[in-house]
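One letter stands for each residue in the lines below.
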Protein chains: 2
Amino acid sequence: MKLFAPLAIAALAAAVASPASAQFQKPEDAVKYRQSALFVMAQHFGRIGAMANGRVPFDAKVATENAEIVADMAKLPWAGFAPGTDKVGNTKAKGEIWTEQAKFKESADKLQAESVKLVAAAKTNNLDNLKAAFQSTAGTCKACHDAYRNQ
Amino acid sequence: MKLFAPLAIAALAAAVASPASAQFQKPEDAVKYRQSALFVMAQHFGRIGAMANGRVPFDAKVATENAEIVADMAKLPWAGFAPGTDKVGNTKAKGEIWTEQAKFKESADKLQAESVKLVAAAKTNNLDNLKAAFQSTAGTCKACHDAYRNQ
């Protein structure tokens with residue numbers, strides 16, 4: 001059995017290091033999951049953008065509701081970038097996501113931090129605060145897309 | 001202008017009755033939004049099912065985390081069933097959703113209520129409670145799918 005021990009240890013290490021991959025029945029589900037979570041988030045973020053950019057009237061209550069959904073959704077997509085899901089299905093995800101995991105995680109964490117600030121900004125009932133937080137959050141989206149998403 | 005007044009009133013009434021339709025830039029976005037939200041919800045609900053059905057070990061903390069996401073997601077899809085989105089894109093949604101709006105809303109409300117109970121059940125750290133709440137929530141999913149989703 002000794003010959004197989006390194007393999008068993010590697011398998012165990014992989015399972016411990018990336019329990020996310022075990023959460024999806026197949027890699028395609030992980031891809032669909034992350035795309036779905038990002039799409040829902042983008043819809044709600046877009047509604048805040050419409051207020052920040054003056055396309056629709058500012059409403060702090062509506063902005064807060066949308067920001068809270070953005071903050072909730074911002075926690076989700078990352079589990080979907082599980083090992084083995086880099087070349088599955090119809091994806092724009094760049095390979096760097098899997099070769100620069102620490103940096104990618106940093107971007108994911110930054111979005112989550114920004115989205116919490118977005119909620120706080122919406123709650124101040126001050127459009128300038130919302131605009132600033134929206135711009136800052138949008139910058140986080142863009143930086144991550146530039147680095148990790150094919151056009 | 002008098003001739004157009006009824007139309008204007010109808011348009012206003014529609015806007016007031018269904019602000020959701022105004023939330024999406026195009027009907028296809030509404031369809032993708034509701035499908036995305038339901039898919040994310042189903043993934044997390046499935047993880048609770050795996051515990052309830054004994055396929056993975058029961059872990060109250062993990063069950064609670066997943067149930068909380070289910071409860072959050074359960075609020076979202078309904079806005080995507082906006083007027084004018086019944087025959088758009090690749091959808092399994094039955095026309096009855098739009099002709100039985102009150103009954104459909106009742107189903108949507110029921111799922112939200114059940115998902116709140118699911119969170120409470122997960123928090124009790126008792127697998128039998130989780131099983132019961134999972135079965136009850138799953139029954140709500142099924143009843144709504146039977147009535148409003150094409151196979």
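Bear in mind the structure is a predicted one, so any value in this text is a computation, not a measurement. (Residues numbered from 1 in each chain as written. Chains lettered and ligands numbered in written order. Predicted model: local features only at pLDDT ≥ 70, side-chain atom pairs only at ≥ 80, totals over all residues. Heavy atoms only, no water.)

A. A look at the interface of chain A and chain B. Across the boundary between the two partners, chain A contributes 16 residues, which contact 16 residues of chain B. For the chain A face of the interface with chain B, the top three residues by lost area are Tyr 33, Phe 39 and Arg 47 of chain A, together amounting to 34%. Along the contact surface separating chain A from chain B lie zero salt bridges. Looking at the side of chain A that touches chain B, its residues break down into eight nonpolar, four polar and four charged. (Contact = heavy atoms within 4.5 Å. Buried area = accessible area lost by both parts, 1.4 Å probe. Salt bridge = Lys/Arg side-chain N within 4 Å of Asp/Glu carboxyl O. Nonpolar A, V, L, I, M, F, W, Y, C, P; charged D, E, K, R; others polar.)

B. Inspection of the packing of helix α3 (residues 27–52) of chain A against helix α2 (residues 27–52) of chain B at higher detail. Closest axis-to-axis distance for the α3 of chain A/α2 of chain B pair is 8 Å, and the angle between their directions is 125°. Here α3 of chain A is positioned oblique relative to α2 of chain B, judged by the angle of their axes. Helix-helix and strand crossings are classified by hand; for α3 of chain A and α2 of chain B the assignment is left-handed. Residues Asp 29, Lys 32, Tyr 33, Ser 36, Ala 37, Phe 39, Val 40, Gln 43 and His 44 of chain A of α3 of chain A form the contact with α2 of chain B, whose own contacting residues are Asp 29, Lys 32, Tyr 33, Ser 36, Ala 37, Phe 39, Val 40, Gln 43 and His 44 of chain B. (Axes fitted to C-alpha atoms, helices over the stretch in contact; angles between N-to-C directions. Helix = DSSP H or I, 4+ residues; strand = E, 2+ residues; numbered from the N terminus. Parallel < 35°, antiparallel > 145°, perpendicular 65-115°, else oblique. Left-handed = near helix turned anticlockwise from the far one by under 90°.)

C. Main features of the layout of surface pockets. Empty space within the second largest pocket amounts to approximately 930 Å³. Taken together, 33 residues form the lining of the second largest pocket, with Gln 23 of chain A together with Gln 43, His 44, Arg 47 and Asn 66 of chain B sitting closest to its centre. Counting only elements with at least two residues in the lining of the second largest pocket, the list comes to α2 (19–22) and α3 of chain A together with α2 and α3 (60–73) of chain B. A total of nine residues in the lining of the second largest pocket trace back to one element, the largest contributor, which is α2 of chain B. Considering only residue class, the lining of the second largest pocket consists of 16 nonpolar, eight polar and nine charged. (1 Å grid on protein atoms, 1.4 Å probe; cavity = no way out; pocket = protein on both sides within 12 Å on 5 of 7 lines; lining within 4 Å. Points joined across faces, edges and corners; volume = space filled by probe spheres on them.)

D. Spatial organisation of the relation of the copies chain A and chain B. It takes a turn of 180° to lay chain A on chain B, together with a shift of 0.0 Å along the axis; the resulting RMSD is 0.0 Å. The superposition operator between the copies reduces to a two-fold rotation axis. Closest approach to the rotation axis among the C-alpha atoms of chain A is made by Ser 36 of chain A, whose C-alpha sits 2.2 Å away. Counting the interface residues of chain A, we find that 100% of their copies in chain B are interface residues as well, pointing to one common contact surface. (Least-squares fit on C-alpha atoms with pLDDT ≥ 70 in both.)

E. The state of the cysteines, seen in detail. All names here are of chain A. All chains considered together, the criterion is met by zero disulfides over all chains. Cysteine Cys 141 remains unbridged, with the sulfur of Cys 144 as its closest cysteine sulfur at 8.4 Å. Classification of Cys 141 by relative accessible area gives partly exposed; the value is 21%. (Disulfide = S-S within 2.5 Å. Buried < 20%, exposed > 50% of the residue type's maximum accessible area, 1.4 Å probe, protein only.)

F. Focus on helix α6 (residues 127–148) of chain B. Residue and element names in this part refer to chain B. Taking 1.5 Å of rise per residue, 22 residues should cover 32 Å, and α6 covers 31 Å from first to last C-alpha, within 8% of that figure. Within α6 the residues assigned to the buried category are Leu 130, Ala 133, Phe 134, Thr 137, Thr 140, Cys 144 and Tyr 148. Seen along its axis, α6 keeps its buried residues to an arc of 120°; they face one direction. Those residues of α6 that are exposed and angled more than 90 degrees off the buried face are Asp 128 and Lys 142. Where α6 is buried, its residues meet α2, α3, α4 (96–99) and α5 (101–123). (Expected span 1.5 Å × (residues − 1). Arc of directions from axis to C-beta.)

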